[in-house]
Amino acid sequence: MNNVMMKFGNLSLLCLVILLAQNTASGEELVTFKVEENSPIGTLVGTLRRANAISYTVTSGSDLFTLQSTGDVRVAISPDREAKSQHEISVLIVFDTPTNTQTRLITVQIIVLDVNDNSPVFPRKIINMELSEAKPVGFTFSLDPAEDVDSGNNTTQSYQITSSGSPFRLHQQKLGFDDQYSCELELMTPLDREHQEVVVVTILAADGANPPKTDTLTLNIKVKDVNDNIPEFTRDLYTPSVREDAPVGTEVVRVHATDRDEGSNSRISYSLEPRFNKEGLFGIDAESGVVVLAGRLDRETSSTHHLIVRATDSGQFPEKSTVRLTVTVTDVNDNNPDIHVTFLAEDANGDGLVSEANSPGDYVSHISVEDRDSGDNGDVTLKMFAEGAPFELIKSAGSGYTVQVAGHLDREEQDVWRVWLEATDKGTPPRVTYRNMTLRLLDYNDNTPTFTKSIYQCEVSEISDKGTDIVRVTATDSDMGVNSEIRYYLVSIVTKTADRSSPISFSINSKTGIITSGSTLDRESHSQVNLTIEARDSGSPSLASRALVVVDILDYNDNDPVFSHRHYKTVIEEGSEVGSSILNVSAVDLDDTGTIRYSIKEYYSASRSVFAINSETGEIHSVSELDYEVQKSYNLVVEAVDSGGRRGVASVEIILRDLNDNSPRFSQDVYRATLLHTVLPGTPVTRVSAFDMDSGVNCQVQYSVVQGGELFTVDKNTGLVTTTQSLFGMMNETVNIKIEAVDGGSPGNSEMCVVTILVGSLNTIHLKPSFTSQEYTVDIPETLEPGRHLLTVMAESQDETYKGAIKYTLSQLTRHTSGMFSVDENSGVVSLKEALDRETRDRHTVVVEATDDLGRQGLTAVIVRVTDVNDNLPYFTASSYHFSVVEGVKGHVAVVSASDIDTGVHGIVEYVLVDQDEAPFTMDPHTGAISAKRGLDYESRTQYTLGVRAFNRVNPSQYQQATVTISVIDTNDNAPLFLQHSFTFDLLDSTLVGGSVGVALARDADSGVNGEVYYTLQPSQHSDMFEIDLNTGEIRVAVDLPSISSLLSTYTLVVLARDRGGPSPQNTTAKVDIHIRSTGDVVDQLEQVLQNETISRRARYLIIFFAAAFLTLVLVLVCFVKYQRRSKGQYKRVIADLKSSKFAPAPASLRSVDNRSLQHLSSETVNSRLSKQQQYKYNVMECGSYCPSIPEHLPDDIISASFFDKDGSNGKLSTSANNFAAVKGVDLLHGSEGKYSVSESKLCYGPGSPITDHLTCSRPGTGGSGAARLPESLFCSPEMRECSHSNESGVHSATPPSSSDMSTVLLHKNNNEGSPSWVSSDDSLFKKPLSTAGSSIRDTNNRGDSKLRQVRFQKCHDSFV
């Protein structure tokens, strides 16, 4: 019991020390004050004022003194030193520091100084005594001294005889061990009773004050005529010496006294005056007078002992005499040297304090060494060992030394120096003393604050509200105390783009360093701001440093792209090369939204297949040939889209400048005319006409004759052909003249035609061969193979008198087509000679001549029209497209364009999306416009890559494909979400300012500034007691909790999480409950736990003994069971009935053995998914140290099977010797196709709970609407009164037999991540998911049955702490 109480006391003391250590900043400090007794009320005793102290509180002490709020200690009740000379009070001082609040406990010792307010007092005022007249002169006797309760000089200091004619003389002597004086009377003249029967002696005792206080003793001596001789010592003073290490019983000296009387009056006995032998160090033999040692001597405690030896005779009235005995103790070197250090300044722990500003030679401390031994034994030398320390030891006068600064001091480099002092005496052997001396450097403000960064880079959205926290700068100061207290100041604001029309301001919290915006922000006015921040400490003089904060104002897409011109107009030459650049449009966006994408939004005048625009550069280029003659100008609408989806448009007008790219074109390739040979010169023959599709001078045509001009001429402007001379004599002749038409271009283009003139008589002029048609027309596909016949031309002679053969030839007048066609000279069959291309030329004119034998010719024209065939693929303006769209937008997203140079239905392009990976887009098959079927969500997907296919409607298999990338632009459409709906934290009431409470964390699914979260506390009744980190969400204590007299048990805060997105930041809140826990309660719980763990030594021995016996028994049982297993092949089991109910047939593999019965439980389940539930409970009664085996085959209708151990302390189901607080349970997780999968897991339980080893199996059912599922949770109460499992259909329970050996198990499945795992729901025992121990066990045959063998369980052994 004594041991228990001692441990409990030690524990209480330990807890008290822990509590005091948590509430004191630098340990306990002792302060001593002195005050005179009888001081009036209000007298100042002393002051405890400390820098940065905010309160002074008396925790315990005397009612005689009071502590004021200023730290002054004053008299409350006038003190009386004689009542109590010393008082103590305990004062708790609370300091306010930059980081937290600290406390210091100070013990104030008040010494009451004596005032001479008491007089000496004799024990008796009157003493009546008798003296024999035989007393000799010089006889002395002692009187009881006068007592004075004052101290020091105020005690009794002198005695004197005031009565006159006294035969006595008074002797007084100060005793060596106290402030008392002995008072002895010496007989100066013999007593003669007959002369004076009574002698009256008046003695005055006085103290040492001025004026002194006195008392009087009246001594009435009656002179008796008996035994008038006193014992007389042979010596007046004995001065023996003895070694201080002499053993008890050593003879010191022998004293001797004699008595001149005879008989019994001369028999003397010796004794020692007790007052002078208070320690009992000496004894004396009453008969022999031998003084011996009765105790151990210590010369250092007292080197001389003054004793009074009394000799007493044996007379009827014994006479006594005394002699002084001065014993000198000789020294032995039995003491180590003592080292005494006196610092110039020291802290509460006694460590020396040295300012780092001290210079070499400055005084640090005084060291004195002493050895209580004497001689060489007390002669001490001192050395100091301080490797690298900037201090040195200097010998001073006597036995003193001084420690001085010997080098440069830097507290920030090393703030504590520990040096060793060695003191050695000169004894034999010498004795050595070592002492550690700690020197702590006091801070001097020699360090400037240092920022964590010289340049802070931060970003803030331009749509942030005024007062938004932007960044927190932090500076540290290597100094201490007030020298390290930092304040922050905003020195200057410099903007990158000085726009005085848009002022900008910022502010900084001088304590926290948090910079906030003081005005609204506009990135377009100020894209970057440089703030100069100064951190200044509070030292004297103050030191400061500066840092640069670069604030990049992040752009919000609040501006549309703006083209450099609202209307672009350009003039280009026709015939420019396909793909050549026509015009560069450019748009600027005041926002910083990345690349601007360009597109042609609207087309006019069928220009879709003519122009395209580079989406990145804005370059407009041609995608097909430009022909002024086809279209003279084009109008487009171009669009610029930024990455935020904002748009700007501009119009583009493209005007073609005509080139002389067309030759004049005659209306006919061959003109025919007839003319009588009798016409006169100047006769009109025919008019030729040529048209030039160019414009201006390029289309002004002039005619001239280039062949045959000797007979004919042509008007250069009108084209009229006339004769220049007479044609007489020309009969039946054909004249071919060539006329050239030249345009006005430079250089000019020309074209020629043939004018065939038949000159003859009136009868013969019309008899030339004549074709059946003056013009033939044929349509052929452009893919017609060369060699194919096109048509047949036929001519007949008109001359009836002459029927000669007609030959067909291609006229040289159509030489540009002569190589592509041919004509059979006999049959007139026109054939294709070379392959045609409609896209190159879609119409050809072939002139066929028919000539008879007389040379007369007839002409006809064959017009070959080339029809289109789908022989060209559609082509995109670009191989890849990139578009951006703001999330949430539904409808039009982008448009792509493709062209087909074929015509008609062959040139109609349609579009379709391919490879869109379930993307939510549709495409207009006719326009190429891409639309979103629903609003896009950036958080679901940030980018889509689509395949776009352009194909011809007639032949979809002919297509071209391009890639379209659509990037989704994030908008602030998600509010921050806390990881929990509410938070609960426990907090000790002793937590200091700045102590962490917990973290309330939120996430925002948006990106960029939209996803940046910052935290604030909503104003509430107690929100000022706590603070929250702006960026991390960590909640900290903001006030001194220990100083609050009445803390609530729970504080409720509301934390606001807000993102930095725009245009409207989103926010959400969460409730935080903070439960205050008493430190005392925690300590009490710890004491209770330790007390419960305490056990007597005898009980431990008994436990060890019985444990050894139990292990021996277990080994025997193991051998026995192994033998039984070999013989029978299975364990002995007892299968007990769990519940009276319907009985199902027992599975063959679980039949009872050894005449023990097997019973089952079969009951209807409330789970609609299962048609029947059967549970099997196996109580392993005699398993010993073996673990139970699991049946090789589980019945098909088993839903769960559990093994329970009911044999109490014998229920250890594992041979493992490891003693750890854990149990391995086996969870059978439902696998696919009805298979079992088994894994081991580890559980810990609390103290005092017997452990239940259990196995839970689940197997799919066969009835209901689906297969059975694993229980979502399993709970077993301490008495196993109810076991339940639950799944998505509800909670189902069964009642097993009651057993006090069952332990509490509370688990639930965690399916959040990865494979299911079992975790505890009991927060008092578990704080995190249970760890997996061991490897998985899986043994599945082809039928899906599970074979489980040798599953081990480990029973908890130690209690949970």
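Our structure's up above, just so we're on the same page.
Structural notes, computed from the coordinates. Remember, predicted model here, so these are calculated numbers, not experimental data.

Conventions we followed
- Residues numbered from 1 in each chain as written.
- Predicted model: local features only at pLDDT ≥ 70, side-chain atom pairs only at ≥ 80, totals over all residues.
- Heavy atoms only, no water.
- Pairing = 2+ DSSP bridges.
- Helix = DSSP H or I, 4+ residues; strand = E, 2+ residues; numbered from the N terminus.
- Axes fitted to C-alpha atoms, helices over the stretch in contact; angles between N-to-C directions.
- Salt bridge = Lys/Arg side-chain N within 4 Å of Asp/Glu carboxyl O.
- Buried < 20%, exposed > 50% of the residue type's maximum accessible area, 1.4 Å probe, protein only.
- Contact = heavy atoms within 4.5 Å.
- Polar contact = N/O pair within 3.5 Å; in protein donor to acceptor, adjacent residues only side chain to side chain.
- Core = buried A, V, L, I, M, F, W, Y, C linked by side-chain atoms within 4.5 Å.

Considering the sheet that holds strand 84 (residues 1034-1037)
Turning to step 1, where the next piece is worked out: One open sheet holds the three strands; their spatial order is 80-84-83, and the pairing between them is antiparallel. A strand with exactly one partner marks an edge of an open sheet, and here the two such strands are strand 80 (996-999) and strand 83 (1026-1028). Within this sheet the neighbouring strands show an average axis-to-axis angle of 20°, counted without direction.
Turning to step 2, where the next piece is worked out: Sheet topology note: the strand 83/strand 84 ladder contains three bridges and is antiparallel. Across the sheet, the residue bridging to glutamate 1027 is arginine 1036, located in strand 84.

Focus on the pattern of salt bridges
Turning to step 1, where the next piece is worked out: Overall, the coordinates contain 31 salt bridges when judged by the stated rule.
Turning to step 2, where the next piece is worked out: Here arginine 1036 and aspartate 1029 are joined by a salt bridge, their closest N and O atoms 3.8 Å apart. Across this residue pair, the class does not change: arginine 1036 and aspartate 1029 are buried.

A few points about the environment of glutamate 653
Turning to step 1, where the next piece is worked out: With respect to the helices and strands, the residue glutamate 653 is situated in strand 50 (residues 647-657).
Turning to step 2, where the next piece is worked out: Among all residues touching glutamate 653, those that are not within four sequence positions of it are His567, Tyr568, Lys569, Thr570, Tyr634 and Asn635.
Turning to step 3, where the next piece is worked out: Of note is the side chain of glutamate 653, whose polar atom sits 3.5 Å from the side chain of histidine 567.

Looking at the nonpolar core
Turning to step 1, where the next piece is worked out: By size, the foremost hydrophobic cluster in this structure holds 26 residues, and its most contacted members are Phe876, Phe921, Leu946 and Val964.
Turning to step 2, where the next piece is worked out: Elements supplying a minimum of two residues to this core: strand 70 (880-886), strand 71 (891-895), strand 73 (909-914), strand 74 (921-923), strand 75 (929-932), strand 76 (943-952) and strand 77 (959-969).
Turning to step 3, where the next piece is worked out: Setting aside residues up to four positions removed in sequence, valine 964 forms contacts with Tyr881, Phe883, Val896, Ile930, Tyr944, Thr945, Leu946 and Val948.
Turning to step 4, where the next piece is worked out: Counting 25 residues, the second-largest nonpolar core is a separate cluster that includes Leu143, Phe168, Cys183 and Ile230.

Remarks on the sheet that holds strand 77
Turning to step 1, where the next piece is worked out: Ordered by their spatial adjacency, four strands build an open sheet running 70-77-76-73, and the pairing between neighbours is mixed. For this open sheet the edge positions go to strand 70 and strand 73, each flanked by a neighbour on one side alone. Geometrically, the sheet is characterised by an average inter-axis angle of 30° between neighbouring strands, direction not taken into account.
Turning to step 2, where the next piece is worked out: Bridge count for strand 70 against strand 77 is seven bridges, and the pairing is parallel. Each bridged residue has a counterpart across the sheet, and for serine 880 the counterpart in strand 77 is threonine 963.

Side note on the pairing of strand 43 (residues 567-573)
Turning to step 1, where the next piece is worked out: Side chains Tyr568, Thr570 and Ile572 project from strand 43 onto a buried face, and the interleaved His567, Lys569, Val571 and Glu573 project onto a face without burial.
Turning to step 2, where the next piece is worked out: Sheet topology note: the strand 43/strand 50 ladder contains seven bridges and is parallel. Note that in strand 50 the partner of valine 571 across the bridge is isoleucine 655.

Here's the deal with unusual backbone geometry
Turning to step 1, where the next piece is worked out: The linkage connecting asparagine 210 with the following residue, proline 211, adopts the cis geometry, with an omega of 0°.
Turning to step 2, where the next piece is worked out: Mapped onto the elements, proline 211 comes out in the loop between strand 13 (198-207) and strand 14 (214-224).
Turning to step 3, where the next piece is worked out: The residue after serine 540, namely proline 541, is reached through a cis peptide bond having omega 0°.
Turning to step 4, where the next piece is worked out: For proline 541, the position within the fold is in the loop between strand 40 (528-537) and strand 41 (544-554).
Turning to step 5, where the next piece is worked out: Its identity is not glycine, yet asparagine 52 carries a phi of approximately 70°, on the positive side.
Turning to step 6, where the next piece is worked out: As for its position among the elements, asparagine 52 is in the loop between strand 2 (44-47) and strand 3 (53-60).
Turning to step 7, where the next piece is worked out: Accessibility expressed as a relative area gives 41% for asparagine 52, which makes it partly exposed.

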